[in-house]
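Examining the three-dimensional arrangement
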Amino acid sequence: MTSEMPETTSVGDGTSLNGAADSLLHASGTSTNGSITATHEDEHERDTEDASEDGEGGVEGCTIGSTGSGLVKGTDGEDEDDGDGEDDEEEDEEDEDEEDEEPTLKYERMTGPINDLLKKDSISAISVSNKLVAVGTHGGIVHVLDMTGKRIKSYKPHQASISDMEMDNTADFVATASIDGQVVIQSLSTQESYMFDMKRPIRTVALDPNFAKKGTRPFICGGLAGTLVLREKGWLGHKESVLHSGEGPIWNVRWRSHLIAWANDLGVKIYDTQSQTRITYIDRAPDSPRADLFKCTLHWQDDSTLLIAWADHIKVARVRARPRTANTSASSNLPPLLVEVTAALQLDCMISSILPHPMSHSAPTKENGSVASRTTLTSFLVLAYEPPDDFGDEMTDDPARQARKTAERPELRIISRTGEEFSADALNVTGYQSWGCNDYLLAEVDSGGNETNQCYIVASPKDIVFVRPRDRKDHIAWLVEHQRYEEALDETEKLGEDEQSSDSGGYKIDVVSIGERYLRYLVGEGDFVKAARLCPKVCGQDAKRWEDWIFVFAQNRNLQAVIPFIPTEAPQLSHLVYEMILGYFINHDKEALLKTIREWPKSIYDMPSVIVAIQSELERIPMSSSLKPSSPDAVWLMECLADLYTANRQPGKALQYFLRLRRPNVFDLIREHNLFTDVKDQVLLLVEFDQELNGKREEEGIDTTQTRSEAISMLVDHTHSIPVDRVVQQLRARPFYLFLYLDDLFKKDQNLASDFADVQVKLFAEYATSRLIEYLRASSYYNLEAAYNICRGRDLVPEMVFLLGRMGNNKQALTLIIERIGDVQQAIEFAKEQNDDDLWEDLLKYSETRPTFIRGLLENVGAEIDPIRLIRRIKNGLEIPGLKEALIKILHDFQLQISLLEGCQRILNGDCSDLARVRQKGQNGGFFLSDKAVCPLCTDPLRRSPQDLLLLFLCRHIVHASCINGIDNLPRYIDAGLDVSLRVSPAHDLSAKMAFASVVRAKIIHGCPVCRRQGEGHVC
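Given the structure is predicted, the values throughout are model-derived calculations rather than measurements. (Residues numbered from 1 in each chain as written. Predicted model: local features only at pLDDT ≥ 70, side-chain atom pairs only at ≥ 80, totals over all residues. Heavy atoms only, no water.)

Let's talk about the overall build of the chain
To keep it simple, the criterion reads: Labels follow the DSSP assignment, with helices taken as runs of H or I lasting at least four residues and strands as runs of E lasting at least two, numbered in each case from the N terminus. Per-residue accessibility, obtained with a 1.4 Å probe over protein chains only, is compared with the maximum for each type, and a residue is labelled buried under 20%, exposed over 50%, and partly exposed between these values. The contact definition used throughout considers only heavy atoms, calling two residues in contact when any of these lie within 4.5 Å. Accessible surface area values rest on a Shrake-Rupley calculation with a 1.4 Å probe, where residue burial reflects the displayed protein chains alone.
Looking only at helices and strands, the chain features 34 helices and 33 strands. When the 1020 residues of the chain are sorted by exposure, 45% land in the buried category. Long-range contacts, defined as pairs at least 24 residues apart, comprise 54% of the intrachain contacts of the chain with a sequence gap of at least 6. Approximately 52,900 Å² of the chain is accessible, and the part contributed by carbon and sulfur atoms is 48%.

Focus on the pattern of salt bridges
Side chains carrying opposite charge are able to pair once their charged atoms draw close together. In plain terms, the rule: When a carboxyl oxygen of Asp or Glu lies within 4 Å of a side-chain nitrogen of Lys or Arg, that pair is called a salt bridge.
Summed over all chains, the structure comprises 39 salt bridges. A salt bridge links Asp208 to Lys214, with the nearest nitrogen and oxygen atoms 3.2 Å apart. For Asp208, a relative accessible area of 5% corresponds to the buried category. In this structure, Glu421 engages Arg413 in a salt bridge whose closest nitrogen and oxygen atoms are separated by 3.7 Å. Here the two residues Glu421 and Arg413 agree in accessibility, since each one is buried.

Quick word on the packing of aromatic side chains
Here is the rule we go by: Ring pairs are drawn from Phe, Tyr and Trp, using the six-membered ring of Trp, whenever the two centres fall within 6.5 Å, and their geometry is named by plane angle: stacked under 30 degrees, edge-to-face over 60, tilted for the rest. As a reminder, the over-ring test applies to NZ of lysine and CZ of arginine, requiring each to be within 6 Å of the ring centre and within 35 degrees of the ring normal.
Scanning all chains against the criterion turns up 17 aromatic pairs. For the pair Tyr485 and Tyr518, a centre-to-centre distance of 5.3 Å together with 20 degrees between the ring planes defines the contact as stacked. Taken together, the positions of Tyr485 in helix α7 (residues 485-493) and Tyr518 in helix α8 (residues 511-525) put the pair 33 residues apart, joining distant regions of the chain. Each member of the pair, Tyr485 together with Tyr518, is buried. Each member of the aromatic cluster is reached from another via a ring pair, and the members are Phe736, Tyr737, Phe739, Phe746, Phe764, Tyr767, Tyr775 and Tyr782. Over the aromatic face of Phe211 sits the side chain of Arg217, whose NZ or CZ is 5.6 Å from the ring centroid. Between the NZ or CZ atom of Arg284 and the centre of the ring of Trp310, over which it lies, the distance is 4.6 Å.

Structural notes on helix α6 (residues 472-481)
The condition that has to hold: Side-chain atoms alone can form a polar contact between residues adjacent in sequence; in general such a contact is a pair of N or O atoms within 3.5 Å, and within protein one must be able to donate a hydrogen while the other accepts it.
Along α6, the residues that are buried comprise Asp474, Ile476, Ala477, Trp478, Leu479 and Val480. Residue Asp471 occupies the N-cap position of α6, its side-chain oxygen lying 3.2 Å from the main-chain nitrogen of Lys473.

Observations regarding the sheet that holds strand β20 (residues 277-283)
Note the threshold: Any two strands with at least two DSSP-identified bridges between them are counted as paired. Geometry is summarised by axes, namely lines fitted to C-alpha atoms with helices restricted to the contacting stretch, and by angles between N-to-C directions that run from 0 to 180 degrees.
Strand order across the open sheet formed by four strands is β17-β18-β19-β20, with antiparallel pairing between neighbours. Both edges of this open sheet fall to β17 (252-256) and β20, since each of them pairs with a single strand only. For this sheet, the mean angle separating the axes of adjacent strands, direction not counted, is 15 degrees. Pairing of strand β18 (residues 259-263) with strand β19 (residues 267-272), which is carried by five bridges, proceeds in the antiparallel orientation. Within the sheet, the bridge partner assigned to Leu259 lies in β19 and is Asp272.

Here we look at a nonpolar patch on the surface
Rules: Like-charged residues within 9 Å of one another, or nonpolar side chains (Val, Leu, Ile, Met, Phe, Trp, Tyr) within 5 Å, are grouped into patches, provided each residue has over 30% relative accessible area and no salt bridge.
On the surface, Phe927, Leu929 and Leu952 cluster together into a nonpolar patch covering about 260 Å² of accessible area. Mapped onto the secondary structure, Leu929 falls in the loop between α32 (883-924) and β32 (950-952).

Some details on the pairing of β17
Taken across its five residues, β17 has four buried, putting it largely inside the fold. Bridge analysis of β17 against β18 gives five bridges, and the strand direction is antiparallel. Paired with Val253 across the bridge in β18 is Trp262. Linkage of β17 to β18, two consecutive antiparallel strands, is achieved through a turn of two residues, within which Ser257 is found at a positive phi near 55 degrees.

Some details on the pairing of strand β31 (residues 463-469)
For β31, the buried fraction is high: five of the seven residues fall into the buried class. Pairing between strand β4 (residues 105-109) and β31: five bridges, direction antiparallel. By the bridge assignment, Glu108 is partnered in β31 with Phe466. Taken together, the five bridges between strand β30 (residues 455-460) and β31 define a ladder with antiparallel strand orientation. When the sheet's bridge partners are listed, Tyr456 is paired in β31 with Val467.

Regarding the nonpolar core
Note the threshold: Side-chain atoms within 4.5 Å are what join buried Ala, Val, Leu, Ile, Met, Phe, Trp, Tyr and Cys residues into a set we call a nonpolar core.
By size, the foremost hydrophobic cluster in this structure holds 129 residues, and its most contacted members are Tyr605, Ile614 and Tyr741. Ranked by residue count, the leading element in this core is helix α15 (residues 632-647), at eight residues. If you look at the next biggest cluster of nonpolar residues, it comprises 24 residues, including Met359, Leu412, Val429 and Val467.

A short note on helix α17 (residues 666-673)
Selection rule: Our arc is simply the arc of the directions from the helix axis toward the C-beta atoms.
Burial in α17 covers these residues: Val666, Phe667, Leu669 and Ile670. All buried residues of α17 lie within an arc of 160 degrees about the axis, which places them on one face of the element. Residues of α17 that are buried in the fold lie against α16 (651-660), α18 (676-679), α19 (683-699) and α20 (710-717). Positioned one or two residues after α17, Asn674 has a phi angle of 55 degrees, which is positive.

A word on the environment of Val716
If you trace the backbone, Val716 turns up in helix α20. Residue class for Val716 comes out buried when judged on its relative accessible area of 0%. Each C-alpha atom, one on Val716 and one on Leu752, is 9.5 Å from the other, the two residues being 36 residues apart in sequence. Beyond its immediate sequence surroundings of up to four residues, Val716 is in contact with Arg708, Tyr741, Asp744, Leu745 and Lys748.

Observations concerning empty space enclosed by the protein
Filter applied, for reference: Both site types are read off a 1 Å grid over the protein atoms alone. A 1.4 Å probe that fits but cannot get out defines a cavity, while an open set with protein on both sides within 12 Å along at least five of seven lines defines a pocket; lining residues have an atom within 4 Å of a point. Grid points are joined across faces, edges and corners, and a volume is the space filled by probe spheres set on the points. Under this grouping Gly is polar, as are all residues other than the nonpolar Ala, Val, Leu, Ile, Met, Phe, Trp, Tyr, Cys and Pro and the charged Asp, Glu, Lys and Arg.
Enumeration according to the criterion identifies seven cavities of 30 Å³ or more in this entry. There is about 120 Å³ of room inside the largest cavity. Around the largest cavity, the lining residues are Gly267, Val268, Ile282, Asp283, Arg284, Ala285, Ser288, Ile308, Trp310, His313, Ile314 and Lys315. Those elements giving two or more residues to the lining of the largest cavity turn out to be β19, β20, β22 (305-310) and β23 (313-321). With three residues, β23 is the largest single contributor of residues to the lining of the largest cavity. Here the lining of the largest cavity is composed, by residue class, of six nonpolar, three polar and three charged.

Observations regarding the sheet that holds strand β9 (residues 162-167)
Strand pairing within a sheet occurs via backbone hydrogen bonds; the two strands may be parallel or antiparallel. As summarised here, the arrangement of the four strands in space is β9-β10-β11-β12, forming an open sheet in which the pairing is antiparallel. Unpaired on one side and paired on the other, β9 and β12 (193-197) mark the two borders of the sheet. Pairs of neighbouring strands in the sheet enclose a mean axial angle of 10 degrees, with direction left out of account. Inspection of the sheet shows strand β10 (residues 173-178) paired to strand β11 (residues 182-187) by five bridges, in the antiparallel sense. The residue bridging Phe173 from the neighbouring strand is Ser187, located in β11.

This is the structure:
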């Protein structure tokens, strides 16, 4: 069966086939065709024709029909089925499967001058050699073309239709046979030419395989005369040898190596030129139609394999050497070669021509699980012709049945040697309705052994079509055409860059072009997730393509599908694309917005625009400006704003969001970016956050009582940036936080907290009562009256006592101590602090009737209390517990004091005596003065001149008198001991020295200048 393909079909080099109305290719489904039987020819084949006919092995060919597809046609043209619905459904399913089957071959109609050449003529024969195509026409003209359709040469060797032609291996000689009875051999490169008039119509001609190399120029021809003639060039002209005659016309002849095969009415024969013997005869099938109705095709697959196609039968004959036998005499008359028919097939169509077609197949899986390497098997490429249904009714008298019937399209089928049909393509050649089986030709283009360059030519009277196996690019194009894009992409990735080319569909066979088609398909199907995953492979580094496809997703309201795959670098897209994505997240997925902002580089979008959009969204969410946000969306948006402001070098604006979000690193952020000025309006948030951190630490078991609050410390340490007044104003609503702040501020500098001393007294009374007295003693800025009222309101007696003492109301303070506290020691300490005799008197007077106070006073007598004065106030008969012990203690204490005083006096006297002796010894001792001694003040030698006055201090420093500031106008002193002319008494001399020393001492106010300079503090 055949099925038509779409009008435009993809072909090999990317151009579409000619003919817009009709396509060249109509794909036909594959089917499994019949079976095959093959037999070997009898080894004892006889040399004579009759003997060979008798000795031929029986070859029975089985009809290869369409039984596999259920479409075997009967004689009446109707399907041979019972017509039930189940068979119809099965046929429909099989038809769909066949339509999805990928074709094996691709087709391209030859264009160029050939179309003009065939307008008034038609092709009757064709031959291909060495990339040249020789075409013979019914007008007797030969056209030589190259593979592109360019005409190389044209000439007219005959006056009638050319029935057969052949080119030699060098493509230099063209032999043509015509029904005008002539055989012409023409050289294309030289003037060499031969023409032979055979007197009868010639049907076939064949050149020696080495025709151009042999000087004899041998060829063989035959025709309606029924004679097979071998002609060779000799010294005296051409020599003619008759190889066979007498069995009807010679329909076809082919020459390969030393073997010549020809067909006549009876069958096919093979002649060996080496042994000059006919080696076999292969007869026609008994039920074959007339020999002239359907031509016989002979093709040598190789030097020993002959393909025979005649009517609807195919036979494969293999020539091999005859094996040696023991009876040499019996085999001596036999040909050295024998032929065996290895395959015989019968098709459900007539065969216009046949060629071998190599196909690659994977070997079956081995037992160990491995797959064998790919092997090349040879199948048959058959040009099939479907005769009309009433074929064979030529003898009828019915004029309607005698009329010429419209023919079907020819089919090009690939059939295996076992009869399996791999593919079948119906060819839409020009005027196929008028052509018969013998009008179609099939030729093979030499590929040089390379399967990838395999090419065939199908010729009809008005067309030449190139047939090539489909390559990987064709396979990809077919996959794309059938919307199997994923497979097409996988195959395209395996192609190299040099294999990419334009296709008939107008797109390049590359990942990008096919990927975009796949994307459009997926978007049309609504599979946006799969389309998004494909975008990186398709768009690659092309920013424009990325943007176009992103907008496609956005227009289809599926932007979220492609967002995870959008690149942020290599390539970097327009900032509008990234802002559009962020805008989508703002409205639909705020958590993803935060993740995206943290992952994406900040340089790829306009941060101020994004910040404005996020702030607008945040304003729509109701929340407290000073409390931690409760809405999850508000949290995500604040996180985004904090990160964006920080990245935009605006940490001050990010601070409020850090505080609301309770970021642990907020204090480091403030210090790092010096945000103390920005903190002044966020004091309450900062302190609240810090207290929450302390609460978490306490829950974790960490002692925070000895830890200084980080927020309070920051506020206190940076009062120049965070004014105290502003902090107090913001913390008034939270008195405990205000207490912590003022307490730390007072510890740092009392003057800073002086304006809030009264507030601090109230806060201490509320939150740290035990420390209030300490603050009252340390501070002097609070209002005493107000502080006293606060303490009285809370009944804080010790603080009231202190404040009364500060206010000068000592008696009332002492009364409070005695009456409310009852602490003798505190009363005594209070009296000592005030140092007021009247207060002592009041204390003694109050104690006269209280034995406990009397005993306490006795135990604490000292310089302030005279024991005698206290004892005299004790009334007779007053019982004082512990009085005896107190008196004994007083006496012991006085005795101890007297002993201490005496001991100290003795020590003092001894020290004075020792120091006096040391002083005397030092003053009376001599001092050695050398000539090299220098003055410590001017560093000049002391003995620089006899007139210099030298001063020696008790610290043993010697200086020039002139080096001491303030010593002027000293009287001249003459030492009587040094001047022999003077005669004075020793007493007078000593008195003079002492008087002069007194004058000098009076002028030296600060003692030794050297010691003073060194800071020793000696006064000499």
